[in-house]
Amino acid sequence: MIFPAYLQSAEPSGSPSPAELDQSAFQQIARPVFEKYCVSCHGSARARGQLRLNTVQEFQKGGKSGPLYDSDNPSESLLLQRILAPEGDDQRMPPAGKPQLAPDEIALLQWWIQAGADPEKTVGQLNPPASIQSILAARERQSMGELANLTAPSKAPLTPKPRQEVLLIANQLADTLGIAISPLAESEPWLQVNASLAGSAFGDAELAQLETLSSNLRWLNLAGTGITEEGVKRVSKMRNLTRLHLERTALTDAALLHLQPLSELEYLNLYGTQVTDAGLASLRPLRNLRRIYLWQTQVTVDGAKALQEAMEDKEQITRWEQEIARLRDQINRQLVLVDTGVPLTPKKAIAAPVNALCPVSGKPVDASKTTQHEGQLIAFCCDQCKAAFEKDPKSFQAKLAATDRPTESRNKE
Amino acid sequence: MKLLSDLARRQSRRAFLGKAGVAAGRIALASLLFPEILRSAPAPKRERAHPALEGIPHFTPKARNLIYLFMNGAPSQIDLWDYKPKLADLYDSDLPDSIRQGQRLTTMTSGQKRFPIAPSIYQFAPHGQCGTLVSELLPHTAQVVDDLAVIKTVHTEAINHDPAATFILTGNMVPGKPSIGAWLSYGLGSESENLPAFVVMTPRWSAKRDAQALYQRLWGSGFLPSRHQGVALRPKGDPVLFLNNPPGVNAASRRCMLDGLARLNQARFEVSGDPEIQTRIAQYEMAFRMQTSIPDLTDISKEPPSVLDLYGPEVTQPGTFAASALMARRLVERGVRVVQILHREWDHHGDLPRDLPLQCRDVDHACKGLILDLKQRGLLDETLVVWGGEFGRTVYCQGELSRSNYGRDHHPRCYTMWMAGGGIKGGMVYGETDDFSYNIVRDPVHIRDLNATILHCLGIDHRRLSYSFQGLDQRLTGTEPASPIQGILA
């Protein structure tokens, strides 16, 4: 998986992307906070204190207590006074009982007010300090979901040529060869090539002309072209490839051997070719391969399964399955908590007590007189013994151990 | 002076003031002051048919093409995807106010005294390894449910067809904005030199009703240069009218004519600087190439019978949804960026049990066929497929309710769409609605978010693809917040 380009060039912890910096500061910082916490009382429906916060103009107008922003003394602005007021202070906003701003949100608002609260300026123009930048970057990462991309970026065995240099060559080649070559992502040196558009007119000679772009190619589409095994030998030098289309070509098993250097290959399309089960074995070294398409070939289901099994990392899969089960359990617990408001308590809380004899008096227990202690249900003969135990549980530990029911299973969670 | 006033008259206002052809506008403005500049202005070189914008994709895409299956009229989610078995006990009871929460009604049901609940008469069952529940009306789609991300919580504000379809397909209820396909054509361009970047098909339908009208603006280019508009292939007869040479005109003479025409248009461009002239030249070139590429596209005689069978029996009948679906796959194979099929008449205000099964039979088999055909060719990894309408349908009955017949009115607050292919996790259901399929309980997806997701899968940050028009950096997702749906992204 490849991280989005604009994150690759940023520091890992902390700069927001150019897109983020280009946004209006009011839209990115102030407005989301107002909409989340304020407009229910200070919005189009209601205007407590004659204050509305649903538009920039209303924000600038202020309310009964005056404007929210003090240009002479930004730190003393009314907005800051309200959100920074101590808890319990009845001037504090949002009021007690309503959801409160997170520390990050307060930090952002504070910075924005002190930076001039200018609704015309973008985030970038206000020159946020590093601490603010990392808050913005973290929020952006969360909203763009790069956290979902848990795998590391694809490696590049070959160093690609610089983007500008390679784009010039690429445009010329695309025109002469009648194919499509375009960059894969902004500010990255990677290219995608689609030669299938030229059909059988594109052959080994034409592929040879692409060699100058070898180290920049990530996606190469040679579907339906006239390349032969000779051409595939050149493809084997393009070791940064992650996607390779070879469908509907005249290739045979021999060609597959030449694909072995392509260590980063994730996708290989061989439909409509002459490959057979025997040829598939050549692909086993390609540890990053995730999808292989073999429709309309002589490969059998068994041959495909054999390849899949040879390439499976069974231990890793088992580890992942265990991790998934553990995470599912965690999610279920959280869902129970959210749905019912009560944590999923361990089963033994309702189970029978762990002891048959009272640890204080030694007499048989009364099952209605129980207490929880260190996750175990302990029964007593009477309330006085229960009270005594609860006052000083340690002194009865030895007796408790002696009275444990030997057959009782302790449901330890 | 005459030269200056001539120039001012011929000046297209858009070229002069607008961003399109801003270079031409600047040259033209300078030429008003210094006429000799015009004569040395560089002639625009021959461009690729569908170039991409500089800097796009913003990040490595997962999908390279989009196939959008738009079910115009709004399919009933309760009868197809959103399984609510408890409604069976509430047959003919009134929709509680606590559920309706003041949702505005259309004029079609606002006069009703009652809003009786109409449970679905169709059976649902779990399918695939993921166990997604699908109605019996979609038996074929149910077989590919392991490749689909079913989103049950799409919502919109629009409650009638025209604004709603305009909203979901162009990003705004107010007409005049470019459609999704136009934005993608503008941003990503297209790889095929011989076919348009954005192709549209409008197959026939089987429900026994007249359908809501479609509007060209649903695939139009809005304020973008008109070369980005969708090209609608005619469902029956010649896909493109007057494409073929009339008797007496052969390809060589056609080419000769076009070259001469291009030189004349170019001369006009150098005088007036109107960028629409460049569009015109490009369209003539595209039409010439389509004279060979369209017959090649529509000739399905070489498709193996096993492939045709995937799409169902109607695939060989031009003008059906199945035929359009096969065309969509062929278009995408040939490098066309966006294909949109608009299937009409899902608007079942009454007689839903009569019409909905007919509509489903139109599309169900072919949807499965399309997914499987793309998949076996390895194209599903690189194609994003989207299915859905402009809003949902109400749980309460419109008109008379009986055990065997009912109708449903429009419902914007929750409905179901599915996505599959490049960048999308298969075999999942996203979001949850309440027991009445009326409100969203978890994970709402505004149609803006849906459009942001489409752009995201194709490598575009929806906040950064914009076009300056009427003083605003216009975007498909508009000015309100939107973000891609993280939960369904692979």
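In this text the structure is predicted, and so the values were computed from the model without any measurement. (Residues numbered from 1 in each chain as written. Chains lettered and ligands numbered in written order. Predicted model: local features only at pLDDT ≥ 70, side-chain atom pairs only at ≥ 80, totals over all residues. Heavy atoms only, no water.)

### Here we look at the overall build of chain A
And then number 1: Within chain A, the secondary structure is distributed over 16 helices and eight strands.
And then number 2: Excluding contacts between residues fewer than 6 apart, the proportion of contacts in chain A whose partners are at least 24 apart in sequence is 55%.
And then number 3: Summing over all exposed atoms, chain A offers an accessible surface of approximately 21,900 Å²; the carbon and sulfur share of this is 52%. (Helix = DSSP H or I, 4+ residues; strand = E, 2+ residues; numbered from the N terminus. Contact = heavy atoms within 4.5 Å. Areas by Shrake-Rupley, 256 points an atom, 1.4 Å probe, with all protein chains shown as cover.)

### Here's the deal with the overall build of chain B
And then number 1: What chain B contains, in helices and strands, is 15 helices and 17 strands.
And then number 2: Against the globule reference of 23 Å for 490 residues, chain B gives a C-alpha radius of gyration of 24 Å, in line with a compact fold.
And then number 3: Along the longest, intermediate and shortest principal axes, the C-alpha atoms of chain B span 85 × 50 × 40 Å.
And then number 4: Burial analysis of chain B (490 residues in total) assigns 58% to the buried set.
And then number 5: A separation of at least 24 residues holds for 79% of the contacts in chain B among residues at least 6 apart in sequence.
And then number 6: Accessible surface, chain B: about 19,700 Å² in total, of which carbon and sulfur atoms supply 54%.
And then number 7: Between the mean site of the 55 positive side-chain charges and the mean site of the 50 negative ones, chain B shows a separation of 7 Å. (Rg over C-alpha atoms; globule rule 2.2 N^0.38 Å. Buried < 20%, exposed > 50% of the residue type's maximum accessible area, 1.4 Å probe, protein only. Lys, Arg positive; Asp, Glu negative; His and termini not counted. Charge placed at Lys NZ, Arg CZ, Asp CG, Glu CD.)

### Concerning the pattern of salt bridges
And then number 1: Within this structure, the stated rule accounts for 46 salt bridges over all chains.
And then number 2: Residues K36(A) and E105(A) are paired through a salt bridge, measuring 3.6 Å at the closest nitrogen-oxygen approach. With K36(A) in helix α3 (residues 25-38) and E105(A) in helix α6 (residues 103-114), this pair connects stretches of sequence that are 69 residues apart.
And then number 3: Judged by relative accessible area, which is 12%, E105(A) ranks as buried.
And then number 4: We note a salt bridge from R354(B) to D351(B), for which the minimum N-O separation is 3.5 Å.
And then number 5: Overall, the relative accessible area of 31% leaves D351(B) in the partly exposed class.
And then number 6: Here the salt bridges do not stand alone but share partners, grouping D296(B), E303(B), R329(B), R330(B), E333(B), R334(B), D373(B) and R377(B) into one network. (Salt bridge = Lys/Arg side-chain N within 4 Å of Asp/Glu carboxyl O.)

### Structural notes on helix α8 (residues 161-170) of chain B
Each full turn of the α-helix corresponds to 3.6 residues, which orients residues three or four apart in the same direction.
Residue and element names in this part refer to chain B.
And then number 1: Burial analysis of α8 places eight of its 10 residues in the buried class, which makes it a mostly covered element.
And then number 2: Those residues of α8 that sit buried are H161, A164, A165, T166, F167, I168, L169 and T170.
And then number 3: Of the residues flanking the end of α8, it is G171, one or two places downstream, whose phi is positive at about 90 degrees.

### Observations concerning the pairing of strand β8 (residues 376-380) of chain A
Residue and element names in this part refer to chain A.
And then number 1: Most of β8 is tucked away: five of the five residues are buried.
And then number 2: Relative to β8, strand β7 (residues 366-373) runs antiparallel, the two sharing five bridges. Bridge pairing in β8 places H373 opposite Q376.
And then number 3: Two successive antiparallel strands, β7 and β8, enclose a turn made up of two residues, where E374 displays a positive phi of approximately 50 degrees. (Pairing = 2+ DSSP bridges.)

### Describing the sheet that holds strand β3 (residues 217-221) of chain A
Residue and element names in this part refer to chain A.
And then number 1: Taken in spatial order, the six strands of this open sheet run β1-β2-β3-β4-β5-β6, and their pairing is mixed. Among the strands making up the open sheet, the edge pair consists of β1 (180-183) and β6 (291-293). Between one strand axis and the next, the sheet turns through 10 degrees on average, direction left out of account.
And then number 2: Pairing between strand β4 (residues 243-245) and strand β5 (residues 267-269): three bridges, direction parallel. From the neighbouring strand, H245 faces β5, where its bridge partner is N269. (Axes fitted to C-alpha atoms, helices over the stretch in contact; angles between N-to-C directions.)

### Here we look at the confidence of the model for chain A
All names here are of chain A.
And then number 1: For chain A, the mean per-residue pLDDT works out to 84, and 88% of the residues sit at or above 70.
And then number 2: Counting contacts from residues 1-12, a segment whose pLDDT is below 50, to residues more than four positions away or on other chains yields 40 contacts.
And then number 3: Here residues 406-413 scores under 50 on pLDDT; set against residues more than four positions off or in separate chains, the count is 12 contacts. (pLDDT = per-residue confidence, 0-100.)

### Quick notes on the nonpolar core
Across soluble globular proteins, nonpolar side chains have a tendency to be buried as a group.
All names here are of chain B.
And then number 1: One finds L69, L80, W81, Y311, V385, W387 and W418 to be the most contacted residues of the largest nonpolar core, which totals 62 residues.
And then number 2: Considering each element in turn, this core owes the most residues, nine residues, to helix α14 (residues 352-376).
And then number 3: Every residue in contact with W81, bar those within four places of it in the chain, is listed here: F124, L133, V134, L138, T141, V145, L148, V150, K152, W387, T416 and W418.
And then number 4: Of all hydrophobic cores here, the second largest spans 53 residues; its members include F70, I180, L384 and M419. (Core = buried A, V, L, I, M, F, W, Y, C linked by side-chain atoms within 4.5 Å.)

### Observations regarding helix α15 (residues 447-457) of chain B
And then number 1: Among the 11 residues of α15(B), 11 are classified as buried, and the element is accordingly described as predominantly covered.
And then number 2: Residues of α15(B) that are buried include every one of I447(B), R448(B), D449(B), L450(B), N451(B), A452(B), T453(B), I454(B), L455(B), H456(B) and C457(B), and no others.

### Concerning the interface of chain B and chain A
And then number 1: With 30 residues of chain B at the interface, the matching set in chain A holds 38 residues.
And then number 2: Overall, the association of chain B and chain A removes approximately 3,000 Å² of surface from exposure, summing both partners, and the carbon and sulfur fraction of that is 46%.
And then number 3: The largest share of the area that chain B buries against chain A comes from T60(B), E191(B) and R463(B), three residues that together contribute 19% of it.
And then number 4: R464(B) serves as the salt-bridge partner of E186(A), at 2.7 Å between the closest nitrogen and oxygen.
And then number 5: Our count for the contact surface shared by chain B and chain A stands at 13 residue pairs in polar contact (both at pLDDT 80 or more).
And then number 6: Its residues placed into classes, the side of chain B that touches chain A shows six nonpolar, nine polar and 15 charged. (Buried area = accessible area lost by both parts, 1.4 Å probe. Polar contact = N/O pair within 3.5 Å; in protein donor to acceptor, adjacent residues only side chain to side chain. Nonpolar A, V, L, I, M, F, W, Y, C, P; charged D, E, K, R; others polar.)

### Quick notes on the side chain of S76(B)
Residue and element names in this part refer to chain B.
And then number 1: Locating S76 in the fold gives a position in the loop between β1 (65-71) and α5 (77-80).
And then number 2: Of the residues examined, S76 reaches a relative accessible area of 0% and is grouped as buried.
And then number 3: A polar contact of 2.6 Å, which involves the side chain of S76, links it to the side chain of D79.
And then number 4: Within the structure, the side chain of S76 is placed 3.4 Å from the side chain of R408, a separation counted as a polar contact.
And then number 5: With near-sequence residues (within four places) excluded, S76 lies in contact with L352, L356, R393 and R408.

### Describing the state of the cysteines
Residue and element names in this part refer to chain B.
And then number 1: Here the structure, examined in full by the defined rule, presents zero disulfides over all chains.
And then number 2: No disulfide involves C457; its nearest neighbouring cysteine sulfur is the one of C367, lying 18 Å away.
And then number 3: Judged by relative accessible area, C457 falls into the buried class, the value being 2%. (Disulfide = S-S within 2.5 Å.)

### Regarding the packing of aromatic side chains
Residue and element names in this part refer to chain B.
And then number 1: One pass over the full model with this rule turns up 20 aromatic pairs over all chains.
And then number 2: Aromatic side chains W183 and F223 sit 6.1 Å apart centroid to centroid with 80 degrees between the ring planes, which places their arrangement in the edge-to-face category. One end of the pair, W183, is in helix α9 (residues 180-188); the other, F223, is in the loop between β5 (198-201) and β6 (231-233), and 40 residues separate them in sequence.
And then number 3: For W183, a relative accessible area of 1% corresponds to the buried category.
And then number 4: With relative accessibility at 8%, the residue F223 sits in the buried group.
And then number 5: Between F223 and Y467 the ring centres are 5.8 Å apart and the planes differ by 20 degrees, which places this aromatic pair in the stacked class. (Phe/Tyr/Trp six-rings, centres within 6.5 Å; stacked < 30°, edge-to-face > 60°.)

### With respect to the confidence of the model for chain B
All names here are of chain B.
And then number 1: Of the residues in chain B, 90% reach a pLDDT of 70 or more, and the chain-wide mean stands at 89.
And then number 2: Across residues 14-28, confidence stays below pLDDT 50; counting only partners more than four residues off in sequence or on other chains, it has 22 contacts.
And then number 3: Both confidence scores are given for the complex: pTM 0.74, ipTM 0.85.

### Observations regarding the environment of E276(B)
And then number 1: Relative to the helices and strands, E276(B) is located in helix α11 (residues 275-298).
And then number 2: Taking C-alpha positions, E276(B) is 36 Å from L374(B), a pair spaced 98 residues apart along the chain.

### Things to note about the environment of I371(B)
All names here are of chain B.
And then number 1: Locating I371 in the fold gives a position in helix α14.
And then number 2: For the pair I371 and A420, spaced 49 residues apart in sequence, the C-alpha separation works out to 8.1 Å.
And then number 3: Not counting chain neighbours up to four residues away, the residues in contact with I371 comprise V144, D147, L148, L380, V385, W418 and A420.

### With respect to unusual backbone geometry
And then number 1: The amide bond that connects M93(A) to the next residue, P94(A), takes the cis arrangement and shows omega of -10 degrees.
And then number 2: Mapping P94(A) onto the fold places it in the loop between α5 (78-84) and α6.
And then number 3: With a phi close to 85 degrees, A74(B) is a non-glycine residue in the positive phi region.
And then number 4: Residue placement: A74(B) occurs in the loop between β1 and α5.

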